[in-house]
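Below, each chain spelled out in residue letters.
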Amino acid sequence: MSVQYSLSPQFMLLSNITQFSPIFYLTSFPGLEGIKHWIFIPFFFMYMVAISGNCFILIIIKTNPRLHTPMYYLLSLLALTDLGLCVSTLPTTMGIFWFNSHSIYFGACQIQMFCIHSFSFMESSVLLIMSFDRFVAICHPLRYSVIITGQRVVRAGLIVIFRGPVATIPIVLLLKAFPYCGSVVLSHSFCLHQEVIQLACTDTTFNNLYGLMVVVFIVMLDLVLIALSFGLILHTAAGLASQEEQRRAFQTCTAHLCAVLVFFVPMMGLSLVHHFGKHAPPAIHLLMANVYLFVPPMLNPIIYSIKTKEIHCAIIKFLGLKKASK
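Residues numbered from 1 in each chain as written. Predicted model: local features only at pLDDT ≥ 70, side-chain atom pairs only at ≥ 80, totals over all residues. Heavy atoms only, no water.

By the naming in an unreviewed UniProt entry, the protein is Olfactory receptor, taken from Pan paniscus. The Function (unreviewed entry) comment attached to the protein in UniProt states, word for word, "Odorant receptor." Regarding the protein, the relevant UniProt record gives this comment under Sequence similarities (unreviewed entry): "Belongs to the G-protein coupled receptor 1 family." (UniProt positions renumbered as here; feature names shortened; annotations may be inferred.)

Structural data, given as structure tokens:
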């Protein structure tokens, strides 16, 4: 993708010495700089909804003893992962809109891309474990309490916490060894590995292959196993005796299915744009990246609050108690 930006002479000087001290230039929406204060409003709204919504889910689960079960422990882990994604992009995105601060040092860029990719891989893993939880609940309900125990959920949570960062560390650290020359303009308001690696003026075959392997063996494998879980759930639900039992089975996994679609559809869209849409308008790249990183953390609390009866009732009870206390 070729994007033309007018940079200051001082920044052009910095771009010529990026082999020694890389400083990247983050962008917002090219061509819309005059109305960026208006564009800030939906971004601020999405951040507020995502952060407050996920914090509220955590508070509801923590304060309601009836929700201290493996399913809601996993939902808490999903909310924490969504909070991590929000906080990862918040400094640079708000810095551009509030302070017109576009420059980012390479070290800070490394930290940000490490957090973004780690939390993305973590969310994929959490959704996989939640799919297995729903599979056992519907396909083997009598054995659910034996298979899904608190201890196993804790172990799975630890695997999720370390799986993403361990897979991300090598490709992020290797970026430090590459020289960067020419244009150092990034087409997003945050750092992504697949974009930074394109600015290196050396052979990056290992990073590209390693990144592809990580995507295949983490994200794609998770997606295949999630699809397999839902296939088995649909097969089991279709074989239930009554329509009422089928309806209850489908309702049990509706919220999770929505969360899976909200996360994986934008991810696949962003991947397709990066690989096959190099000549697409810059706004398309920006839109897909922002949808991928901002929409799931914003929608997940809403989805689970509406579609999960226990969460919905707990919220009503929580708000009712708060109102009564006033």
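Moving on: the state of the cysteines. The final tally for this structure, using the stated rule, is one disulfide. Each sulfur of the disulfide joining cysteine 109 and cysteine 191 lies 2.1 Å from the other. Its torsion about the S-S bond being -125°, the disulfide of cysteine 109 and cysteine 191 is classed as left-handed. Placement of cysteine 109 in helix 4 (residues 106–139) and of cysteine 191 in the loop between helix 6 (150–174) and helix 7 (193–196) is noted, with a sequence separation of 82 residues between them. The two residues cysteine 109 and cysteine 191 agree in class, both being buried. There is no disulfide at cysteine 55, and the cysteine sulfur nearest it, in cysteine 86, is 9.2 Å away. Residue classification places cysteine 55 among the partly exposed positions, given a relative accessible area of 32%. (Disulfide = S-S within 2.5 Å. Helix = DSSP H or I, 4+ residues; strand = E, 2+ residues; numbered from the N terminus. Buried < 20%, exposed > 50% of the residue type's maximum accessible area, 1.4 Å probe, protein only.)

Among soluble globular proteins, nonpolar side chains are generally buried collectively. Counting 69 residues, the largest nonpolar core has Leu75, Leu127, Phe264 and Ile311 as its most contacted members. Not counting chain neighbours up to four residues away, the residues in contact with leucine 127 comprise Leu78, Ile226, His256, Ala259, Val260, Phe263 and Phe264. Among the nonpolar cores identified, the runner-up in size contains 19 residues, and Leu26, Ile104, Cys109 and Val196 belong to it. (Core = buried A, V, L, I, M, F, W, Y, C linked by side-chain atoms within 4.5 Å. Contact = heavy atoms within 4.5 Å.)

Moving on, we get to the pattern of salt bridges. One pass over the full model with this rule turns up four salt bridges. Aspartate 133 is the salt-bridge partner of arginine 134, the closest N and O atoms lying 2.7 Å from each other. Neither residue differs from the other here; arginine 134 and aspartate 133 are each classed as buried. Linking arginine 247 and glutamate 244 is a salt bridge whose minimum nitrogen-to-oxygen distance equals 2.4 Å. (Salt bridge = Lys/Arg side-chain N within 4 Å of Asp/Glu carboxyl O.)

This paragraph deals with the packing of helix 4 against helix 9 (residues 243–276). One way to put it is that helix 4 packs onto helix 9 with a least axis distance of 10 Å and a crossing angle of 165°. By the criterion of interaxial angle, the relationship of helix 4 to helix 9 is roughly antiparallel. Handedness of the helix 4/helix 9 crossing: left-handed. The segment helix 4 lies against helix 9, with Ser120, Glu123, Ser124, Leu127, Met130, Ser131, Arg134 and Ile138 engaging Ala249, Thr252, Cys253, His256, Ala259, Val260, Phe263 and Phe264. Each residue belonging to the contact of helix 4 with helix 9 can be placed in one class, and the counts come to nine nonpolar, five polar and two charged. (Axes fitted to C-alpha atoms, helices over the stretch in contact; angles between N-to-C directions. Parallel < 35°, antiparallel > 145°, perpendicular 65-115°, else oblique. Left-handed = near helix turned anticlockwise from the far one by under 90°. Nonpolar A, V, L, I, M, F, W, Y, C, P; charged D, E, K, R; others polar.)

UniProt tags residues 12–32, 38–61, 73–99, 111–132, 153–175, 209–234, 255–277 and 283–303 as "transmembrane region" (unreviewed entry). Each end of residues 38–61 is marked by a C-alpha atom, and these two atoms are 36 Å apart; helix forms 100% of the span and strand 0%. Spanning residues 73–99, this segment combines 100% helix with 0% strand, and its end C-alpha atoms are found 38 Å apart.

Another point: the packing of helix 3 (residues 70–99) against helix 4. Two elements in contact, helix 3 and helix 4, have axes separated by 9 Å at closest approach and are oriented at 160°. When the axis of helix 3 is compared with that of helix 4, the two are roughly antiparallel. Of the two possible hands of crossing, helix 3 and helix 4 adopt the one that is left-handed. Of the residues assigned to the contact of helix 3 with helix 4, the class counts are 14 nonpolar, seven polar and four charged.

This next bit is on the packing of aromatic side chains. Ring pairs (aromatic) are described by centroid distance and by the angle formed between their planes. Following the criterion strictly, the structure yields 15 aromatic pairs and no others. With a centroid separation of 5.2 Å and an interplanar angle of 65°, the aromatic rings of tyrosine 47 and phenylalanine 294 are classed as edge-to-face. With tyrosine 47 in helix 2 (residues 36–63) and phenylalanine 294 in helix 10 (residues 282–307), this pair connects stretches of sequence that are 247 residues apart. As far as the burial class goes, tyrosine 47 and phenylalanine 294 line up, both buried. Among the aromatic side chains, those forming a connected cluster through ring pairs are Phe40, Phe43, Phe44, Tyr47, Phe97, Trp98, Phe99, Phe190 and Phe294. (Phe/Tyr/Trp six-rings, centres within 6.5 Å; stacked < 30°, edge-to-face > 60°.)

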